[in-house]
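# Secondary and tertiary structure notes
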Amino acid sequence: MAGNREELIRSLAGVMGMSGEAKKKDSHFDPSTGTLYIGSKVFSPTDIAEAKKFCENNMKKMSEIGDNAAMYYEIAATAVELLEQDSIKNGGKVVVKEG
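Residues numbered from 1 in each chain as written. Predicted model: local features only at pLDDT ≥ 70, side-chain atom pairs only at ≥ 80, totals over all residues. Heavy atoms only, no water.

### Quick look at a nonpolar patch on the surface
Together, Met71, Tyr72 and Ile75 make up an exposed nonpolar region whose accessible area comes to about 340 Å². Positionally, Tyr72 belongs in helix α3 (residues 69–89). (Patch = residues over 30% accessible without salt bridge, like charges linked within 9 Å, V, L, I, M, F, W, Y side chains within 5 Å. Areas by Shrake-Rupley, 256 points an atom, 1.4 Å probe, with all protein chains shown as cover. Salt bridge = Lys/Arg side-chain N within 4 Å of Asp/Glu carboxyl O. Helix = DSSP H or I, 4+ residues; strand = E, 2+ residues; numbered from the N terminus.)

### Quick look at the packing of aromatic side chains
As enumerated under the stated definition, the model contains one aromatic pair in all. Note on Phe54 and Tyr73: the rings are 6.0 Å apart at their centroids and 75° apart in plane angle, and the pair reads as edge-to-face. Of this pair, Phe54 sits in helix α2 (residues 45–64) while Tyr73 sits in helix α3, placing them 19 residues apart in sequence. (Phe/Tyr/Trp six-rings, centres within 6.5 Å; stacked < 30°, edge-to-face > 60°.)

### A word on the environment of Met59
Among the secondary structure elements, Met59 is positioned in helix α2. Taking the C-alpha atoms as reference points, Met59 and Ala76, 17 residues apart in sequence, are found 9.8 Å from one another. Filtering out sequence-adjacent residues up to four positions away, Met59 remains in contact with Ala70, Tyr73 and Glu74. (Contact = heavy atoms within 4.5 Å.)

### Observations regarding the pairing of strand β1 (residues 27–30)
Side-chain alternation along β1 places Ser27 and Phe29 on one buried face and His28 and Asp30 on a second face that is also buried. Hairpin connection between β1 and strand β2 (residues 35–38): a loop of four residues separates the two successive antiparallel strands, and Gly34 in this loop has a positive phi of roughly 75°. (Buried < 20%, exposed > 50% of the residue type's maximum accessible area, 1.4 Å probe, protein only. Pairing = 2+ DSSP bridges.)

On their own, these measurements won't tell you what the molecule is for.
Structure below.
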């Protein structure tokens, strides 16, 4: 119900010429649930595992053909893994700085 109310307020603000933007939420990884929150998006442990698998598979493909994109996939996969490890090591939520 609260989500519908906020959406209505944002819509009305937009019609009145105001920004109507949603309040930005902190992005973080919650190690207790394995969930990654990025703004208003929620990624489950399954989503995260699939993303890492996607990066690792594409890293191998790009490496085989000598494409520099392999490095970017490796960075992405490693970053997710480090985020998970740091969150667990710190015993709680680790906020992801954006921009």
